[in-house]
Amino acid sequence: MALSGMRGLSVFISDVRNCQNKEQERLRVDKELGNVRTRFKNEKGLSPYEKKKYVWKMLYIYMLGYDVDFGHMEAVSLISAPKYPEKQVGYIVTACLLNENHDFLRLAINTVRNDIIGRNETFQCLALTLVGNIGGREFAESLAADVQKLLISSSCRPLVRKKAALCLLRLYRKNPDVVNVDGWADRMAQLLDERDLGVLTSSMSLLVALVSNNHEAYWSCLPKCVKTLERLARNQDIPQEYTYYGIPSPWLQVKTMRALQYFPTVEDPNTRRSLFEVLQRILMGTDVVKNVNKNNASHAVLFEALALVMHLDAEKEMMSQCVALLGKFIAVREPNIRYLGLENMTRMLMVTDVQDIIKRHQAQIITSLKDPDISIRRRALDLLYGMCDVSNAKDIVEELLQYLSSADFAMREELSLKAAILAEKFAPDLSWYVDVILQLIDKAGDFVSDDIWFRVVQFVTNNEDLQSYAAAKAREYLTKPAIHETMVKVSAYILGEYGHLLARRPGYSPKELFTIIHEKHPTVSTSTIPILLSSYAKILMHTQPPEPELQNQIWTIFNKYESCIDVEIQQRSAEYFALSRKGASLMDILAEMPKFPERQSALIRKAEDAEVDTAEQSAIKLRAQQQMSTALVVTDQRPPNGMPAQPSIGPLSLVKVPSETVDSNPGDQGLTHPNGVVYKEDPQPPSQDIIGDLLGTLSIEGPPGAVAQSPQNATYEAEGAPSAADAAALVPVGEESGSVQPIGNINERFYALCLKDSGVLYEDPNIQIGIKAEWRAHQGRLVLFLGNKNTASLGSVQALILPPTHLKMELSLVPETIPPRAQVQCPLEVMNLRPSRDVAVLDFSYKFGPTMVNVKLRLPAVLNKFLQPITVSPEEFFPQWRSLSGPPLKLQEVVRGVRPLPLPEMANLFNTYRLTVCPGLDPNPNNLVASTTFYSETTRAMLCLVRIETDPADRTQLRMTVASGDPTLTFELKEFIKEQLVSIPTAPQRPQGPAAPPPPVAQITAPPPAASQDPGALLAGLL
Amino acid sequence: MIHFVLLISRQGKVRLTKWYSPYSQKERSKVIRELSGIVLNRGPKLCNFVEWRGHRVVYRRYAGLYFCMCIDEADNELEVLDIIHHFVEILDRYFGSVCELDLIFNFHKAYYILDEVLIAGEFQESSKRTIIRLLSTHDSMVEMAKEEATSIGNMIAQVTK
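Residues numbered from 1 in each chain as written. Chains lettered and ligands numbered in written order. Predicted model: local features only at pLDDT ≥ 70, side-chain atom pairs only at ≥ 80, totals over all residues. Heavy atoms only, no water.

Caption draft 1: Just the overall build of chain B, in detail. Helix and strand counts for chain B stand at six helices and seven strands. The N-to-C order of helical and strand elements in chain B reads β-β-α-β-β-β-α-α-α-β-β-α-α. In chain B, which comprises 161 residues, the share counted as buried stands at 61%. A fraction of 48% describes how many contacts in chain B between residues 6 or more apart in sequence connect residues 24 or more apart. (Helix = DSSP H or I, 4+ residues; strand = E, 2+ residues; numbered from the N terminus. Buried < 20%, exposed > 50% of the residue type's maximum accessible area, 1.4 Å probe, protein only. Contact = heavy atoms within 4.5 Å.)

See the structure below:
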């Protein structure tokens, strides 16, 4: 055992260790802190050695978990000590005690910088380490350039350079602009030629961070990464000291493959071939061996290779190899490998066409659900959740239910939530769904959130064929001896609403139902009593004429609660009591609850929120990011009629009263409280859906009682007809029904899609239409994704394409109905016959309930989609430009009323429309020259040249010259560009990515007013 | 990226902490408390990974000491497990069959060694030889400074200061 080399420190550590208990330890530590504090106070008398010793003691005390709120200054000041031993202590202790947000750290920036730019290599290392570990934004701004210099310096030793690389990585994370300097990408590529593997490893980490944000700039690094990987995997020219258990630096291998995963593809066939050979070698050549460390290392590489193969979406041959490997892994005994096997299989779900192979392993995955290790169980749960679909939902959900009783408490909530979501999403039939949820409540009531039972009530309410089944089930559960309170709530609610449907069966008479429910009454808490009261009222309502005995029983209860301290209970009982004495009209007043408006499942929303804290990488989210299909389910949705979602408010019940005063407007709704308010409607019973719409604006999340606890402000006249005050709550029926409002701005969506190739074209509460497009020369293939957001089918779906004359469009068959929660894909083939700016229209209609919805949507098959960016050199440009000498091939126009744009922004705009701006062609910096190729059947590929001359003094006008070999094309393109310049569509602001090569003046980032930034404009202003 | 490194003894005593992401003092103690509760209670034959607050904690036990590193979900867990072992091997070579007491009395050296393995939460050097060589240079520099300080000339300088 080595001692610290400082006697005082060793003694102190021993003392602390010898303390018998926490109290003693605290005393000893307090004594020492007092000592250190006094010593620091008269700093003059401290020798460097002593200062060093006390700072170490502070760190030790800090590590033990005590607050050390002084002495930071002393630690920081040691950094500027001239000698190595003190300086080193200063650096290490500062890096441990402080974090990047600490004020003291600022004081050190100058000293640190001096050490970095100084000649002393050891000091450089210390300083780089500190900045790398705790440097913040300020450090990034003042030190990045120096650190960069060290990294690429040829005179620095590897020792310094590898630290500089990681230090720069830290600074880049704090402020990405620090490496956005010209030519950095080339430097980065050079760094990858590094011979020293230590420097190469650090540089590779830096590259991973850089490409993860912007791979475009680093294409030149790709072949070098492949070379490095090849060299490592074949163990060519790797020094012995850089192998780890016989494996050439597994860390560098992993990092390299990680970097490669950020490039979308590997285009060069040779590079691709070599890469695949290496990957193949890794996949095939990794065996399980005895030595655990060697195993860990080789599998670290293997799993990274798997991820890379998945990413490159290789030939199916390799993919199935991966699935086979993973299938093997999830069955091995080694827990790490099993864990990672499950995890990677979950990731694999996102690759198309392998789901079926994964399903073959279902039994094995279910076994892992019972693993003794909770980490593995979590992975298994996630995987099962992700792989669940209509075909296996029954098996998986039942497995989850079974597991629920034995699962640890830490997992039950997540488990029940997931089971509920799967049951909802993939229920083969709805009665099964009801079964699952009731079982869930039965087995894990404590872990079933309100959302889950609200949802089942919504389903039952909205599906008539389910109601009597649910009522029978509810009664079954209620007769069990000890049931969870949530079960009492849901059963009481369902029996109250739908128990009467079964009245003819033995055991279902109102009296019997009441008895069964009321038996649970003594066991429930105040939150349940309002629900029971509603049920009683409903039961009573269904026994017209009332049975005197039952009526008395229920009235006694109402009477009893009329003086209850809980205001909700009190009000309900008072109101129900009064209402129930109205005799037959009770029937109308307490009619069945109307259908709930369709909305996003609160469960699924909750699952997303839960992800943030429970850390589970749920497949649903991953998939949602990947494909549009589930995006449907997770989109932020507003309830119908465009009203903002309100917190769940349960209206007591919908009351129908033959009424005479029906006048109000929806705007007043906010003023009244739905509880206890009477709604009125026209005498003739309107259809269910209209009531549904009526309630839509109120946003019912759950059944009554459970949530609304707020004090009532609506006055209610117990006796007699509703007073005028109530009328305020009314909604004119006709006005509200049938208006399905789109979500989001249709125009904005269209313009956004003109610039990109996938996104949402249209959305309303019922349907989402997404588009994904691919364009090749004069042809295009669009896929329309029609997603039904509801739990009911959408019928009479019709999609008609109204193509303009220049486009030939063929839409594949659109099914007439879209099943609940399903998405259908309809490919649409487009062929461009000749240049034109006309736009195709999609006439889309569907029927939801009685409502027919019809929308006409512009399709983003616009002129610029048939453009292909091309860069021309001056040698190509000028002869062409001259040969197209004048109208009609070359047209010129002065455009006025242009939205003023700084030149770089205009260049960006051109680039987004696939008109490549060619900087340097025009010597005048106020001008832009762009080129592109247009494709259509008649023109074939045709080069188009554009020149924009701007007036620095007046940005609202410019002169535009467009030239091409086809007169129509020239004209159409000119008009097209004009449209874009005159009214800039409100498309989402594209980040000024490096994809768009900035024109010569791009360095000047010009905030408005743009003109004043332009040198020419400044000059003009002066003159 | 590694967010922090923790060395905890079986009794729950902290032997080393290193934070690469900004955690306040309060958060640091909370993290240590929570994680020691989770990690120390795990049985012997389980996997080396724990899921914790949206992160993964990779840990490995050596005798009575748990080495834990917290990483992002997307990171390669086994790679980090290799880093832990690599670090332990360096400690072992440096101290000569390292034990917990070495790390207690020489905690400052442990910090220095860790700085040679990781910077910015990223792996720095995979050659054990390079690191050991650096460490011995470092030690000799401290030694030299000490000798210098005790030399007569320095003593005089001290007195006359």
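Once the structure has been displayed, the description carries forward.
Caption draft 2: Quick look at the overall build of chain A. Looking only at helices and strands, one finds 42 helices and 16 strands in chain A. Looking at chain A as a whole, 58% of its 1023 residues qualify as buried. Within chain A, counting contacts between residues at least 6 apart in sequence, those at least 24 apart form 69% of the total. When the accessible surface of chain A is split by element, carbon and sulfur atoms take 52% of a total near 42,100 Å². (Areas by Shrake-Rupley, 256 points an atom, 1.4 Å probe, with all protein chains shown as cover.)

Caption draft 3: Fine view of the packing of helix 15 (residues 292–312) of chain A against helix 2 (residues 77–95) of chain B. As a packed pair, helix 15 of chain A and helix 2 of chain B sit with axes 8 Å apart at the nearest point and diverge in direction by 145 degrees. For the element pair helix 15 of chain A and helix 2 of chain B, the recorded crossing hand is left-handed. Here helix 15 of chain A contributes N293, N296, A297, H299, A300 and F303 of chain A to the contact with helix 2 of chain B, which in turn contributes L78, E79, L81, D82 and H85 of chain B. Split into classes, the residues belonging to the contact of helix 15 of chain A with helix 2 of chain B amount to five nonpolar, four polar and two charged. (Axes fitted to C-alpha atoms, helices over the stretch in contact; angles between N-to-C directions. Left-handed = near helix turned anticlockwise from the far one by under 90°. Nonpolar A, V, L, I, M, F, W, Y, C, P; charged D, E, K, R; others polar.)

Caption draft 4: Examining the interface of chain B and chain A more closely. The interface of chain B with chain A comprises 71 residues on the first partner and 83 residues on the second. Approximately 6,700 Å² of surface area, both sides summed, lies buried where chain B meets chain A, with 53% of it carried by carbon and sulfur atoms. Viewed at the interface, chain A and chain B are joined by ten salt bridges. Across the pair R42 of chain B and D373 of chain A runs a salt bridge whose closest N-O atoms are separated by 2.9 Å. If you look at where chain B meets chain A, you find 39 residue pairs in polar contact (both at pLDDT 80 or more). Here the side of chain B that touches chain A takes ten residues from helix 5 (residues 128–150) of chain B, the largest share from any one element. (Buried area = accessible area lost by both parts, 1.4 Å probe. Salt bridge = Lys/Arg side-chain N within 4 Å of Asp/Glu carboxyl O. Polar contact = N/O pair within 3.5 Å; in protein donor to acceptor, adjacent residues only side chain to side chain.)

Caption draft 5: Structural context of the pattern of salt bridges. The final tally for this structure, using the stated rule, is 66 salt bridges over all chains. The salt bridge involving K87 of chain A is made with D115 of chain A; its shortest N-O contact spans 2.8 Å. With a gap of 28 residues between them, K87 of chain A in helix 5 (residues 84–97) and D115 of chain A in helix 6 (residues 104–117) connect regions that are remote in the sequence. Measuring nitrogen to oxygen at the nearest pair gives 2.4 Å for the salt bridge that ties R56 of chain B to E343 of chain A. Residue R56 of chain B is found in strand 4 (residues 55–62), and its partner E343 of chain A is found in helix 17 (residues 335–348); the two belong to separate chains. On the basis of relative accessible area, R56 of chain B is assigned to the buried category, the value being 1%.

Caption draft 6: Examining the packing of aromatic side chains more closely. A complete count under the given rule lists 29 aromatic pairs over all chains for this structure. Ring geometry for W251 of chain A and F123 of chain B: centres 4.3 Å apart, planes at 25 degrees, overall stacked. One end of the pair, W251 of chain A, is in helix 13 (residues 250–260); the other, F123 of chain B, is in strand 7 (residues 122–123), on a second chain. Overall, the relative accessible area of 1% leaves F123 of chain B in the buried class. Centre to centre, the rings of Y433 of chain A and F459 of chain A are 4.7 Å apart; their planes meet at 45 degrees, and the pair counts as tilted. Taken together, the residues span a long stretch of sequence, with Y433 of chain A in helix 23 (residues 430–444) and F459 of chain A in helix 24 (residues 450–462) at a distance of 26 residues. Neither residue differs from the other here; Y433 of chain A and F459 of chain A are each classed as buried. The structure contains a cluster of three or more aromatic residues connected by ring pairs, namely F12, W56 and Y60 of chain A together with F107 of chain B. (Phe/Tyr/Trp six-rings, centres within 6.5 Å; stacked < 30°, edge-to-face > 60°.)

Caption draft 7: View of the sheet that holds strand 2 (residues 14–19) of chain B. Residues and elements named next belong to chain B. Strand order in the open sheet formed by five strands is 2-1-5-4-3, with antiparallel pairing between adjacent strands. Bordering the open sheet on either side are strand 2 and strand 3 (49–52), each of which pairs with just one other strand. Within this sheet the neighbouring strands show an average axis-to-axis angle of 20 degrees, counted without direction. Sheet analysis places strand 4 next to strand 5 (residues 65–72), joined by eight bridges and oriented antiparallel. Within the sheet, the bridge partner assigned to V57 lies in strand 5 and is C70. This element, helix 2, spans strand 1 (2–9), strand 3, strand 4 and strand 5 of the sheet and lies at about 35 degrees to strand 4. (Pairing = 2+ DSSP bridges.)

Caption draft 8: The packing of helix 23 of chain A against helix 25 (residues 464–478) of chain A, seen in detail. Residue and element names in this part refer to chain A. The geometry of helix 23 relative to helix 25 is characterised by a closest axis approach of 10 Å and an angle of 25 degrees between their N-to-C directions. Here helix 25 runs roughly parallel to helix 23, going by the angle between their axes. Viewed along their axes, helix 23 and helix 25 form a crossing whose handedness is right-handed. Here L430, S431, V434, D435, L438, Q439 and D442 of helix 23 come into contact with helix 25, specifically with L466, Y469, A470, K473 and Y477. For the contact of helix 23 with helix 25, the residue count by class is seven nonpolar, two polar and three charged. (Parallel < 35°, antiparallel > 145°, perpendicular 65-115°, else oblique.)

Caption draft 9: View of the sheet that holds strand 6 (residues 795–802) of chain A. Residue and element names in this part refer to chain A. With respect to topology, three strands assemble into an open sheet ordered 6-9-10, the strand pairing being antiparallel. Each end of this open sheet is capped by a strand with a single partner; those strands are strand 6 and strand 10 (851–858). Taking each pair of neighbouring strands and ignoring which way they run, the sheet shows an average axis angle of 10 degrees.

Caption draft 10: Just the nonpolar core, in detail. Counting 290 residues, the largest nonpolar core has V112, L207, Y218 and L275 of chain A together with F67 of chain B as the members making the most contacts within it. In terms of residues, this core owes the most to one element, helix 15 of chain A, which gives eleven residues. In this structure, F67 of chain B is in contact with L6, L7, V58, Y59, R60, Y62, I84, F87, V88, L91 and L103 of chain B, ignoring residues within four places of it in sequence. With 62 residues, the next largest nonpolar core counts L753, I767, M906 and V917 of chain A among its residues. (Core = buried A, V, L, I, M, F, W, Y, C linked by side-chain atoms within 4.5 Å.)

Caption draft 11: Structural detail: the pairing of strand 3 (residues 758–763) of chain A. All names here are of chain A. Here strand 3 runs beside strand 4 (residues 767–776); their pairing, made up of five bridges, is antiparallel. Bridging across to strand 4, G759 finds its partner in I771. If you look at the hairpin formed by strand 3 and strand 4, you'll find three residues sitting between the two strands.

Caption draft 12: Fine view of unusual backbone geometry. Note that the residue after P887 of chain A, namely P888 of chain A, is joined by a cis bond; omega there is 0 degrees. Within the element layout of this structure, P888 of chain A appears in the loop between helix 39 (874–883) and strand 12 (890–895). Residues other than glycine seldom take positive phi values, yet R940 of chain A does so here, at roughly 55 degrees. Following the sequence through the fold, R940 of chain A ends up in strand 15 (residues 940–951). You will see that R53 of chain B, though not glycine, has its phi angle at about 45 degrees, which is positive. Considering the arrangement of structural elements, one finds R53 of chain B in the loop between strand 3 and strand 4.

Caption draft 13: Representation of the environment of Y242 of chain A within the structure. Inspection of the secondary structure puts Y242 of chain A in the loop between helix 12 (222–233) and strand 1 (243–244). Those residues in contact with Y242 of chain A, other than ones at most four positions away along the chain, are D196, L197, G198, I247, P248 and S249 of chain A together with E125, S126, S127 and T130 of chain B. A polar atom in the side chain of Y242 of chain A sits 2.7 Å from the side chain of E125 of chain B.

On their own, these measurements won't tell you what the molecule is for.
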